[in-house]
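Survey of secondary and tertiary structure
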Amino acid sequence: MQQTITVLPPGTVANMVCGFDVLGFALHEPCDEIDITLIHEKRIIIQPDPVYNLPTDPEKNVAGAALLAMLDAIEEPIGFDITIRKHIKPGSGIGSSAASAAGAVVGANMLLNNRFSNEELVQFAMYGEKVASGVKHADNIAPCIYGGITLIRSIFPLDVVALPAPDLFVSIVHPQIEVRTADARAILKQTVLLKNAIKQWGNIAGLVAGILKNDHALIGRSLEDHIIEPVRSILIPGFDELKQRCMAAGALGGGISGSGPSVFMLSSTQQTAHAIAAEMQAVFNRLGIDNHTYVTSINATGVTVKP
C-alpha cells in the first residue's frame with residue numbers, strides 16, 4: 001500500500017439558505033492541504049499547527065476524531081500521522097472543520113485502497129463535526145466528500161443524495177470576525193411557527209427542483225429562509241445592506257454560509273459574480289471590517305489528490 005498522500009479538501013457552503021443542516025455544496029476554492037502517512041501502529045498522530053494552534057490530542061482535533069472512528073472499523077494494527085495546512089480559517093462559515101475531517105478520512109481511505117464507501121466516510125467524518133460543534137451534522141461533510149451539491153435526507157440512518165451541480169458562479173465574502181458554530185446554534189429558536197415551516201418546505205422543494213432542472217430563476221426564487229437567517233443575521237454586521245446590494249448587482253440569491261460570518265451569493269455569469277464580490281467588499285470596507293472575497297464555482301469533485 002502507498003505510504004503517504006497529500007489531499008486537497010475544499011471549502012463548502014452549508015444550508016444553502018433554506019436547507020438548514022440538509023443541503024450543501026463544495027467550492028473550487030479555498031482548499032486545505034493535508035499530508036497523511038500510514039503508520040504501523042494503531043494510533044493517530046497530529047502534527048502541531050504553527051498558525052492556528054489546533055489541538056494535537058486526536059480526540060479533541062476534528063481530523064483526529066474522524067480518523068479514530070475509522071480505526072474502530074479497522075482490525076489491522078495501523079494508524080495515521082497527519083499534518084494539516086489550513087487555508088480555510090476556522091470559524092469562517094465555509095466548512096473549515098469539515099475540510100479537516102473529510103480530507104483526513106478520504107486521504108486515509110485512499111492509502112487503504114478505497115476500502116470504505118463514501119457513505120461510510122461521511123459517518124466517520126461526522127465525529128469530527130461533533131468535536132467542532134457538539135452535533136453530528138453532514139451538510140458540509142457530504143459535499144466535501146461527494147463533490148457537487150448534496151442533500152442529507154436523513155442522519156439516522158444516514159441517507160445522502162448527490163445532486164447535479166448547476167452551472168452557477170459563487171461569490172463569497174469572509175469578514176474577518178469569528179462566529180463559532182456552537183454559538184450560532186445556541187441562539188436558534190427551538191419552536192417554529194407552522195406558517196414559516198410551510199414556507200420553508202416549499203422553498204427547499206423548489207430549490208431541489210431548480211437544481212435538478214438547472215433552472216436558475218427557480219433556484220433564485222427558492223433561496224429564502226424564514227427560520228434560521230432572521231436569527232443568525234444579527235451576528236453579521238451589515239448583513240441586510242450587503243444582501244440588498246448583491247441582489248441589485250444581479251445575484252440570483254444567497255445568504256449566510258453555514259453558521260457565518262461568511263456570506264455567499266449565486267449568479268449566472270462570472271462577470272456578475274465579480275460585480276457582486278465588489279459590492280460585498282465595499283460593504284465591509286465601509287464598516288471598517290477586514291474581509292476576503294472569493295469568486296469561484298461549484299466543485300463537482302470534492303476532495304482531490306494534490307498533483
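Look a little higher up for the structure.
So, here is what we can say about the structure in this document.

1. Observations concerning the packing of helix H9 (residues 239–248) against helix H10 (residues 270–286)
Contact pair H9 / H10: the axes reach a minimum separation of 9 Å and the direction vectors enclose 155°. When the axes of H9 and H10 are compared, the pair comes out roughly antiparallel. For the pair H9 and H10, the sense of crossing is right-handed. Taken together, the residues of H10 that come into contact with H9 (itself represented by Glu 241, Leu 242, Arg 245 and Cys 246) are Ile 276, Glu 279, Met 280, Ala 282, Val 283, Phe 284 and Arg 286. Along the lines of polarity and charge, the residues of the contact of H9 with H10 split into seven nonpolar, no polar and four charged.

2. Regarding the pairing of strand S11 (residues 263–267)
Among the five residues of S11, five are classified as buried, and the element is accordingly described as predominantly covered. Neither face of S11 is left uncovered, since the one carrying Val 263, Met 265 and Ser 267 and the one carrying Phe 264 and Leu 266 both have all their residues buried. The pairing of strand S9 (residues 169–175) with S11 spans five bridges and is antiparallel. Considered in S11, the bridge of Ser 171 is made with Met 265. Sheet topology note: the strand S10 (residues 253–256)/S11 ladder contains four bridges and is antiparallel.

3. Description of the sheet that holds strand S5 (residues 44–46)
Taken in spatial order, the five strands of this open sheet run S5-S6-S4-S1-S13, and their pairing is mixed. Among the strands making up the open sheet, the edge pair consists of S5 and strand S13 (304–305). Where strand S4 (residues 33–39) meets strand S6 (residues 79–85), seven bridges bridge the pair, whose relative direction is antiparallel. By the bridge assignment for S6, Thr 37 is matched with Asp 81. On top of the sheet, helix H1 (residues 62–71) reaches S5 and S6; it is set at about 160° to S6, its chief contact. Here helix H2 (residues 96–111) sits on the sheet and contacts strand S1 (4–8), S4, S6 and S13; the angle it forms with S4, its principal contact strand, is near 40°.

4. Re the packing of aromatic side chains
Using the criterion set out here, one finds two aromatic pairs in the structure. Plain terms: the ring middles of Phe 25 and Phe 264 are 5.8 Å apart, the flat faces sit at 70° to each other, and that makes the pair edge-to-face. Separated by 239 residues along the polypeptide, Phe 25 in strand S3 (residues 23–31) and Phe 264 in strand S11 bring together distant segments of the chain. For Phe 25, a relative accessible area of 0% gives the class buried. For Phe 264, a relative accessible area of 0% puts it in the buried group. Each ring, one from Phe 116 and one from Phe 124, has its centre 5.0 Å from the other, and the planes form 90°; the classification is edge-to-face. For Phe 116, a relative accessible area of 10% gives the class buried.

5. Re unusual backbone geometry
Backbone torsion omega between Glu 29 and Pro 30 reads 5°, so that peptide bond is classified as cis. Following the sequence through the fold, Pro 30 ends up in strand S3. Across the junction of Gly 260 and Pro 261, the peptide omega takes the value 10°, indicating a cis bond. Topologically, Pro 261 is positioned in the loop between S10 and S11. Backbone geometry places Asn 15, a non-glycine residue, at a positive phi of 80°. Here Asn 15 is to be found in the loop between strand S2 (10–14) and S3. Residue Asn 53 is not a glycine yet carries a positive backbone phi of 55°. Tracing the chain through its elements places Asn 53 in the loop between S5 and H1. For Asn 53, a relative accessible area of 66% puts it in the exposed group.

Parameters at a glance
Residues numbered from 1 in each chain as written. Predicted model: local features only at pLDDT ≥ 70, side-chain atom pairs only at ≥ 80, totals over all residues. Heavy atoms only, no water. Axes fitted to C-alpha atoms, helices over the stretch in contact; angles between N-to-C directions. Helix = DSSP H or I, 4+ residues; strand = E, 2+ residues; numbered from the N terminus. Parallel < 35°, antiparallel > 145°, perpendicular 65-115°, else oblique. Left-handed = near helix turned anticlockwise from the far one by under 90°. Contact = heavy atoms within 4.5 Å. Nonpolar A, V, L, I, M, F, W, Y, C, P; charged D, E, K, R; others polar. Buried < 20%, exposed > 50% of the residue type's maximum accessible area, 1.4 Å probe, protein only. Pairing = 2+ DSSP bridges. Phe/Tyr/Trp six-rings, centres within 6.5 Å; stacked < 30°, edge-to-face > 60°.

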